[in-house]
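As a plain string of letters, each chain reads:
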Amino acid sequence: METAISLITRMKSDTIVAISTPRGVGGIAVARLSGPDALTIAEKHLSSLSTYQPINLSTLSPRRATYCHFDELDDVVAVYFPKGYTGEPTVEISCHGSLYVQQALLQALVDSGARLAEPGEFTQRAFLNGRLDLSQAEAVADLIDSVTPAQHRLAVSQLRGGYAQKLKALRQQLLDLTSLLELELDFSQEDVEFADRGRLQSLLQELQEETLRLIASFRLGNALKRGVPVAIVGKPNAGKSSLLNALLGDDRAIVSDIPGTTRDTIEETLTLDGITFRFIDTAGLRHSDDRVETLGVERSKKAVEQADIVLYLRDATKPGEEPDLDLSDKTVIEVYTKADLLADSSRVGGLCLSSKTGLGLDTLRKEILSRFHAQMGNPGQEDILLSNARHYEALKHVRQALDAVSQGLADGIPADLVAVDLRDALYHLGTITGEVTSDELLGNIFGRFCIGK
């Protein structure tokens, strides 16, 4: 594994190139060159449309689009950035989206001295050059992957630095505490206290509360980012698969009058009011001697355990059914199905619908959204939400370390021992924003990016 020091050294000498637009044929493709020789390499291939004389991009205004030839290959638009996305000299060349043109253009730039970029290397360079902190770099990947308004808002909020500034403020306060306590160690024989213990406890309480608030926000942030799991459960032939198909507007699950048709969980996503919900169709809940069906029932119960919302379906034509599992600690919406088979569905009570006619589907969608907001809250535009699992784990370690510091101060533990826990909290906060990194951590984060980013 390449060390961070060797990576920075190679970055200072290498110029990298990749296609930044999605793979495949399109109207336009964009090749991005970044590194110390980006301008020199690009200019070897660019010439005037009228005179075919070489074009010197550096003599033109930075960030100005120049229409020109790229060898005899294509007419392109070239833009030079003295300090681009990566913080290095960057040239972006827009060509036609032919696969042949893309590959030939890349090969020409590589032959002239560039190196093909590795996954996420452009964003990694932006981080190493101080253009982004680590949490903002991760937000770039989240922004690329976002498909709903809620996911987009989360990623943009983190990318713009509000979340990072909050964490940096926490870390600075911790650093001030640690510095005062460690200063006392230098004067330990004089029995001097530089840090007022009452003030320390008060500041610690503020830090603990803010850390706890961020940790608590992860449930909502993660749900918005990855989708809210909604388990559809009930007895066999209660209409679970029919409901999934009706919500999706597609025949995704097999529907049959034969009990036990669904043997495994089927998961599909649906966006309601900008929020992604992951609907999970499950096997019918009943005792069976069929080993495969029994395994399906066990998976159904596991889906219920992991769900934020449970749709418990009852056949409206067979009143009196009770759930065959414990739903006491779950957000449950009871749904009566097959309302089209009733002469008067109003007598059933509760939420009554028909997957066949569509009766009650809009009511169900509104109820799902209502339960979600009641359970998770409805954050404002300025609220900072934690949505990254790595950050969540790091903040849990921070919280534990702060609890240990608070207890240590209350018990009168020596400053050197208290400082150990403070340094532990500082370390874990630093891993989020990148003040503390490891080669393995950087590899895991940037390795999941696309080549051109």
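Residues numbered from 1 in each chain as written. Predicted model: local features only at pLDDT ≥ 70, side-chain atom pairs only at ≥ 80, totals over all residues. Heavy atoms only, no water.

Trainee: What is the right way to read the overall build of the protein from this model?
Mentor: On a plain count of helices and strands, the protein comes out with 14 helices and 13 strands. Long-range contacts, defined here as pairs at least 24 residues apart, represent 62% of the contacts in the protein between residues at least 6 apart. Roughly 22300 Å² of accessible area belongs to the protein as shown, and the carbon and sulfur atoms make up 50% of that amount. (Helix = DSSP H or I, 4+ residues; strand = E, 2+ residues; numbered from the N terminus. Contact = heavy atoms within 4.5 Å. Areas by Shrake-Rupley, 256 points an atom, 1.4 Å probe, with all protein chains shown as cover.)

Trainee: I would appreciate a short explanation of the packing of helix H5 (residues 134-145) against helix H6 (residues 149-159) in the present structure.
Mentor: Geometry of a packed helix pair, given as the angle between the helix axes and the separation of the axes. The geometry of H5 relative to H6 is characterised by a closest axis approach of 8 Å and an angle of 155° between their N-to-C directions. In terms of axis orientation, H5 runs roughly antiparallel to H6. Like other packed secondary-structure pairs, H5 and H6 cross with a definite hand, here left-handed. Counted together, Ser-135, Gln-136, Glu-138, Ala-139, Val-140, Asp-142, Leu-143 and Asp-145 of H5 and Gln-151, His-152, Ala-155, Val-156, Gln-158 and Leu-159 of H6 form the full contact between these two elements. Grouping the constituent residues of the contact of H5 with H6 by class yields six nonpolar, five polar and three charged. (Axes fitted to C-alpha atoms, helices over the stretch in contact; angles between N-to-C directions. Parallel < 35°, antiparallel > 145°, perpendicular 65-115°, else oblique. Left-handed = near helix turned anticlockwise from the far one by under 90°. Nonpolar A, V, L, I, M, F, W, Y, C, P; charged D, E, K, R; others polar.)

Trainee: Even after reading the chapter, I still don't get empty space enclosed by the protein, so can you show me in this structure?
Mentor: If you roll a probe as big as a water molecule over the atoms, it shows you where there is empty space left. By the definition in use, this model includes one cavity of 30 Å³ or more. The calculated volume of the largest cavity comes to roughly 30 Å³. In this structure, the largest cavity is lined by Leu-177, Leu-181, Leu-200, Leu-204, Val-405, Leu-409, Val-418 and Leu-422. Listed by contribution, the elements that provide at least two residues to the lining of the largest cavity are helix H7 (162-186), helix H8 (197-226), helix H12 (389-410) and helix H13 (415-433). Looking at the lining of the largest cavity residue by residue, the class counts come to eight nonpolar, no polar and no charged. (1 Å grid on protein atoms, 1.4 Å probe; cavity = no way out; pocket = protein on both sides within 12 Å on 5 of 7 lines; lining within 4 Å. Points joined across faces, edges and corners; volume = space filled by probe spheres on them.)

Trainee: Sorry, what's going on with the packing of H12 against H13 here?
Mentor: Remark: H12 packs on H13, axes separated minimally by 8 Å, with the N-to-C direction vectors making an angle of 165°. Put simply, H12 runs roughly antiparallel to H13. As H12 runs across H13, the sense of the crossing is left-handed. Seen from H12, the contacting residues are Arg-390, His-391, Ala-394, Leu-395, His-397, Val-398, Ala-401, Leu-402, Ala-404, Val-405, Gly-408 and Leu-409; seen from H13, they are Val-418, Asp-421, Leu-422, Asp-424, Ala-425, His-428, Leu-429, Thr-431 and Ile-432. Residues that form the contact of H12 with H13 fall into these classes: 13 nonpolar, five polar and three charged.

Trainee: Explanation requested: helix H3 (residues 99-111) in the structure shown.
Mentor: Side chains three or four residues apart in an α-helix point the same way, a direct result of the helix having 3.6 residues per turn. Counted at 1.5 Å a residue, the expected span for H3 with its 13 residues is 18 Å, and the 18 Å between its end C-alpha atoms agrees. The set of residues buried in H3 consists of Val-101, Gln-102, Leu-105, Leu-106, Ala-108 and Leu-109. The buried residues of H3 occupy an angular sector of 160° when the element is viewed end-on, so they sit on one face. Projecting away from the buried face of H3 at angles above 90 degrees are the exposed residues Tyr-100, Gln-103 and Asp-111. Between the side-chain oxygen at the start of H3 and the backbone nitrogen of Tyr-100 there is a gap of 3.2 Å, and the oxygen is on Ser-98. Directly after H3, the chain includes Gly-113, whose backbone phi takes a positive value near 125°. (Expected span 1.5 Å × (residues − 1). Buried < 20%, exposed > 50% of the residue type's maximum accessible area, 1.4 Å probe, protein only. Arc of directions from axis to C-beta. Polar contact = N/O pair within 3.5 Å; in protein donor to acceptor, adjacent residues only side chain to side chain.)

Trainee: Looking at this structure, I do not really get the side chain of Thr-331. What am I missing?
Mentor: Along the chain, the position of Thr-331 falls in strand E12 (residues 331-337). Within the local environment of Thr-331, its side chain forms a polar contact with the side chain of Gln-375, the two groups lying 2.7 Å apart. Setting aside residues no more than four positions away along its own chain, Thr-331 makes contact with Asp-308, Ile-309, Val-310, Arg-371 and Gln-375.

Take it as geometry only, folks, not as evidence of what the structure does.
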